[in-house]
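# Observations on the model geometry
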Amino acid sequence: MEKTAVILRVYGIVQGVGFRPFVARLAAEHGLMGSVCNKGPYVEIYLEGEESPIKLFSEELITKAPPRSAILKVDGEQTEPKGSLSFEIIESAKERGAIFVSPDIATCPECKKELFDPKDRRYLHPFINCTACGPRLTILDAMPYDRERTSMKAFPMCERCAEEYNSPTSRRYDAQPVCCNDCGPEVYILGTETKGAGAITEIRRRIADGEIVAIKGIGGFHLCCDATNENAVSLLRERKHRPVKPFAVMVRDMEAARRAVKVTPAAEEILEGPKKPILLLERQENSTIAPSAAPGNPKIGIMLPYAPVQMLLFDYPDGIKMPEAFIMTSGNPSGAPICRTDDDAREALGPLCEAVLSHDRRIRVRADDSVMDFYHEAPYMIRRSRGYAPLPVMVKGFRGEVLALGGELKNTFCIGRDELFYPSAYVGDMSDLRTMQALRETSKRMTELLETEPSVTACDLHPRYNTTQLANELGKPVIQVQHHYAHVVSCMAENEVSEPVIGVSFDGTGYGTDGTVWGGEFLRADYHGFERLGSIEPFCQAGGDRSSKEGWRIAVNLLYSLSGSKEETADTAGRLKIASAEQVNAQCFMADNGVNCVTSTSAGRLFDAVSAVLGIRKQVSFEGEAAMFLEYAARNGRNSKKISLPEIFEREGRFILPTAEIFSNIVERTVSGDEPPVLARFFHEALADEIVAGCERAREMTGITTAALSGGVFQNLLLLELVETGLEEKGFRVLRHHLIPPNDGGICLGQAVYAMAQIQ
């Protein structure tokens, strides 16, 4: 039969996942000649052969693609046959266009099996990998993804590794990080001569003895100790100045996970999948995990080992009996970015631990562990990082290039290039100068990696944010995006919705267009702008930055606004045991004289005030603590008393939810002796009812029937469920987040999409 030829261009995650070797094997199966080449934006396949095998090849290219790949589209065109006599993987050739970078991939089952097989030549090799697993983004210097453009170029392949790398029959055919015990990176204990097996054994001994150590992984360092040893975990809390915020727990295997937490089949699939995030799951009653791992928290953040060195810490032939669970928390001082170099670890982690296990494979891009909750048996992202970043979100209809610098807390940035938007791995909180420097470095590297030249920089509207200052330093036109609007647009973009929505953006604080503090907002929004339709009831937020950490201050301000009497406020605050008379007088003085005060509609601060009144948290050690424990209390209570709340009212050109009445009712019932869990439940149900009523009012005003729920308050799964259910019962289409965080870690996407819309 007559031969024909085609060129296929495959777009998506097709670099660094064994795609070219797969193509070569598939071509061989069908007797086709030609070549495959990584062009950077896509993989180009030239096929020569009979028409029927080429057609079958094209079908199986999609149906049999490697499990770690993600094909977005395939373009094909006929061409003239060249007379090829073989099928080759040819040298990568760079072209400009859309770029898809594979996130780091957890160790695959085949490599894990080899890791513990004494007959395998990679037995106990801390850097074992293949085309289906191993580091990707964190070792990458430039695209296309080839060894000479990664930090693995410092480790020339030995003869046997090179043979596997070049053999189409090998699982490591064209695997860029391939190495072995003879030619790969090496582990060592920082500041000593101890290397290799001796280093792993020494670190294992220290963990087993209750000491704290640091471990260099794929995207940075972790601080590690025995998660079943209460003394060790408490000591880590003391050293890290982290009294309550939960630690992540890494368990040896699924059996250990089931002993620690309640694992559903859907959760197990996520835990054992190639991304291996930290998954928040309910603690087992008889769990051996130390209480201090997550004090007072019904959930534990669980993950399985995803790097070979982590597996070796659990299991190694040295006779040391190891616990089945480790604390594995980000290796960084509070507020600073995760450490990625030996110098970072020496300076920042040295005072926190007894020893540091490092290695000589350089980390190019930081990547913290991803964290996700579980909602309706599906992932609900809290921190999007390793395993997920920088997978792009596609928003159709755009052309251009932008850089969005994200928020001040939980910072991530986003690079937009035409229809693809690449949210970065987690960076950190911008109040720390080290985190600011990490943002500068990482955004520059990712911009270069994705071969973009942003024409504008997007940032928050707040004039004093560090990210705003950085945007002005970059020398490009700056587009400032209101915080809560960015939340809504991020939810729209994730759900591929461009038509106008009613945005329900509830979070801590954000700078409003009127110069006040916003945080409980109803917006009419699309990609081109927004209108503020309504909010929760404004209140005086006195005390500056301290008020965001000391919820009793917000509670006192709300009490004062209700009564207008200092004496009555002091009396009620005393009965609630939230503040002394002196503290009440100071707050009232600030409110009366406008000292260190702002007008606020922050839903997050309302949660803080209720938490303080109920005696759950009067002050916090980390952002969201008061609201988190208020939700846990609510899950233990059932509200037995329904009240008729006042109608939504109008003020200053927008509708207002009567949230002060909810607070007043809670105060009265607390003084009367109602139990905190009951009142916590009442607060969630009453607020959800008011949010639904607010959306109904917005629908009357706009005719819009789609509501988008975003903002850090919607990390609260109880409130999310109450609101979502209530809206659906009222006939709304509800958009919510899935793999983009509802918190400030997701606003970079909204900033980037809005900025892109402005330059069209």
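Within any chain, residue numbers begin from 1 and follow the written order of that chain's sequence. Given that the model is predicted, a residue must reach a pLDDT of at least 70 before its local features are reported, and side-chain atom pairs must reach 80 or more before they are shown or counted; all residues, however, enter totals for whole chains, interfaces and linings. With hydrogens and water stripped out, all remaining heavy atoms of the structure feed into the side-chain values.

This is how it is decided: UniProt positions are given in the numbering used here, feature names are shortened, and annotations may be inferred rather than shown by experiment.
Per an unreviewed UniProt entry, the recorded name for the protein is Carbamoyltransferase, and the organism is Schwartzia succinivorans DSM 10502. Its UniProt record gives the protein the following Pathway (unreviewed entry) comment, quoted word for word: "Protein modification; [NiFe] hydrogenase maturation."

## A look at the pairing of strand E18 (residues 414–417)
Condition: Each residue is placed in one exposure class: buried if its accessible area under a 1.4 Å probe, protein chains only, is under 20% of its type's maximum, exposed if it is over 50%, and partly exposed if it falls in between. Secondary structure elements are taken from DSSP: a helix is a run of H or I of four residues or more, a strand is a run of E of two residues or more, and numbering for both begins at the N terminus. When DSSP finds two or more bridges between a pair of strands, those strands are recorded as paired.
Side chains of E18 alternate between two faces, with Cys414 and Gly416 and Ile415 and Arg417 buried alike. Of the pairings in the sheet, the one linking strand E17 (residues 401–404) to E18 comprises 4 bridges and is antiparallel in character. By the bridge assignment for E18, valine 402 is matched with glycine 416. With antiparallel pairing between neighbouring strands as the criterion, E18 and strand E19 (residues 420–423) make up a hairpin whose turn holds 2 residues, including aspartate 418 at a positive phi of roughly 55 degrees.

## Let's talk about the environment of proline 677
Counted only if it meets this: Residue contacts are counted whenever heavy atoms from the two residues lie within 4.5 Å of one another.
Among the secondary structure elements, proline 677 is positioned in helix H20 (residues 676–702). A relative accessible area of 25% means that proline 677 is categorised as partly exposed. Separated by 625 residues in sequence, proline 677 and serine 52 have C-alpha atoms that sit 68 Å apart. The contacts of proline 677, once residues within four sequence positions are left out, are Ala633, Ala634, Asn636 and Gly637.

## Points about the sheet that holds strand E3 (residues 43–49)
The strands making up a sheet associate through hydrogen bonds between their backbones, and the pairing can be parallel or antiparallel. Filter applied, for reference: Whenever a helix is involved, its axis is fitted only over the stretch in contact; in every case the axis is a line through C-alpha atoms, and angles between N-to-C directions fall within 0 to 180 degrees.
Spatial ordering of the open sheet is given by E4-E1-E3-E2-E5, a layout of 5 strands whose pairing is mixed. Each having just a single partner strand, strand E4 (70–79) and strand E5 (87–89) make up the two edges of the open sheet. Between one strand axis and the next, the sheet turns by 15 degrees as a mean value, whatever way the strands run. Sheet analysis places strand E1 (residues 4–13) next to E3, joined by 7 bridges and oriented antiparallel.

## Section: the sheet that holds strand E9 (residues 248–251)
Strand order across the open sheet formed by 10 strands is E6-E13-E7-E8-E12-E9-E11-E10-E14-E15, with mixed pairing between neighbours. The two strands at the open ends of the sheet, each matched to only one other strand, are strand E6 (187–189) and strand E15 (378–383). In this sheet, adjacent strand axes meet at a mean angle of 35 degrees when their direction is disregarded. Summarising the sheet, strand E14 (residues 371–375) and E15 pair through 5 bridges and their orientation is antiparallel. Across the sheet, aspartate 373 pairs through a bridge with tyrosine 380, a residue of E15. Packed onto the sheet, helix H8 (residues 265–272) meets strand E10 (278–282), strand E11 (299–303), E14 and E15 and runs at close to 155 degrees relative to E10.

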